[in-house]
Amino acid sequence: MSRSSKLTTLLVALAVLLAAVAPAAALATVQADDAPEEAQVGEDVSVTYTFSDLYEGDTPRQWTLQGETNLTNASWSITMYDNAGDQVGETESYGGDTFEQQVSADDDVAEVEVTVSGTVPEVQNFSYDPAETFLLTEFTEVRDGGGTSTIDSWDTHHYTEESADARTAIDEAATTIDDAESNGADVSDAKSDLDNAIGFYEAGEFDKAIENANSAQDAAEQSESSAETRSMLLYGVVGLVALIVLAGGGYVLYQRQQDDYDKLG
């Protein structure tokens, strides 16, 4: 085959491949009202989500909105509105970690408001970086006859009072270490203590995590202080040498002037 024939064949095959790929489905737009980025274990939270553009693109005129949460003792409240902002039907209420609600253009539904309430769950596994999170909410479009697409989801960092204190201590130690290292200090011992602190944090031993984080911070501060002292001593020595050189040069100049005077005399 000639080069042009091979190129034509390749372009045709590529066109067929692209035609076989279904376009991405257009999904509803959702906005969250005060979805928390972090929350304490045992805290009660309530978040409202507003869905609009319900039938964009190739989204059918009737589909099912599915919601999921890892909040405990969860409850859902779903209210639907028409284009004029008037409520359509009664507010639906569900209990549990999931719900399903049919959305239909034939019922004049133009906007859906979903409120989820529940309690922040216990932390199963502590993690310093990335921080431990739980699924606050996830919403999915389920089409009649099959096919699902995730509309959006939210993850929230959850913590206990003890884990928050330990994380703060580790964060402060890490900042001190970074500052000390940028100033030329040897922070190897401090970093070792910090690694131990993170290990204890992830094991749920928060007292030991705080203890090691404090040790890391102290080691970094001492190392930085020693580095500053060495720098000051070095600057002092350099200054003293410079002073001696200047004094010596001045003395030599003075002697030369005295010799010149003697010769003239």
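That block above? That's the structure.
These numbers were taken from a predicted model, which means no experiment stands behind them.

Colleague: Would you mind going over the environment of Y49 with me for this structure?
Modeller: One can find Y49 in strand 3 (residues 44–52). When its relative accessible area of 0% is taken as the criterion, Y49 is described as buried. Between the C-alpha atom of Y49 and that of V30, which follows or precedes it by 19 residues, the distance is 6.5 Å. Side-chain polar atoms of Y49 contact the side chain of T137, separated by 2.5 Å.

Colleague: Looking at this model, I keep getting lost on the nonpolar core. Mind explaining?
Modeller: One recurring pattern in soluble globular proteins: nonpolar side chains tend to sit buried together. In terms of nonpolar packing, the biggest core is built from 28 residues, with Y49, F51, L54, L65, V112, V114 and F139 touching the most fellow members. The set of elements that each furnish at least two residues to this core consists of strand 3, strand 4 (62–68), strand 5 (72–81), strand 7 (98–104), strand 8 (111–119), strand 9 (133–143) and strand 10 (148–159). Residues I170, A180, A209 and A213 belong to the second largest nonpolar core, which totals 22 residues.

Colleague: Before we go on, may I ask you to explain the sheet that holds strand 4 in this structure?
Modeller: Paired through backbone hydrogen bonds, the strands of a sheet run either parallel or antiparallel to each other. On the basis of which strands lie adjacent, the open sheet formed by five strands has the order 2-10-9-4-7 and mixed pairing. Single-partner strands in this sheet number two, and they are strand 2 (38–40) and strand 7. Looking at each pair of strands side by side, their axes are set apart by 25° on average, direction ignored.

About the criteria used
Residues numbered from 1 in each chain as written. Predicted model: local features only at pLDDT ≥ 70, side-chain atom pairs only at ≥ 80, totals over all residues. Heavy atoms only, no water. Helix = DSSP H or I, 4+ residues; strand = E, 2+ residues; numbered from the N terminus. Buried < 20%, exposed > 50% of the residue type's maximum accessible area, 1.4 Å probe, protein only. Polar contact = N/O pair within 3.5 Å; in protein donor to acceptor, adjacent residues only side chain to side chain. Core = buried A, V, L, I, M, F, W, Y, C linked by side-chain atoms within 4.5 Å. Pairing = 2+ DSSP bridges. Axes fitted to C-alpha atoms, helices over the stretch in contact; angles between N-to-C directions.

By themselves these figures say nothing about function.
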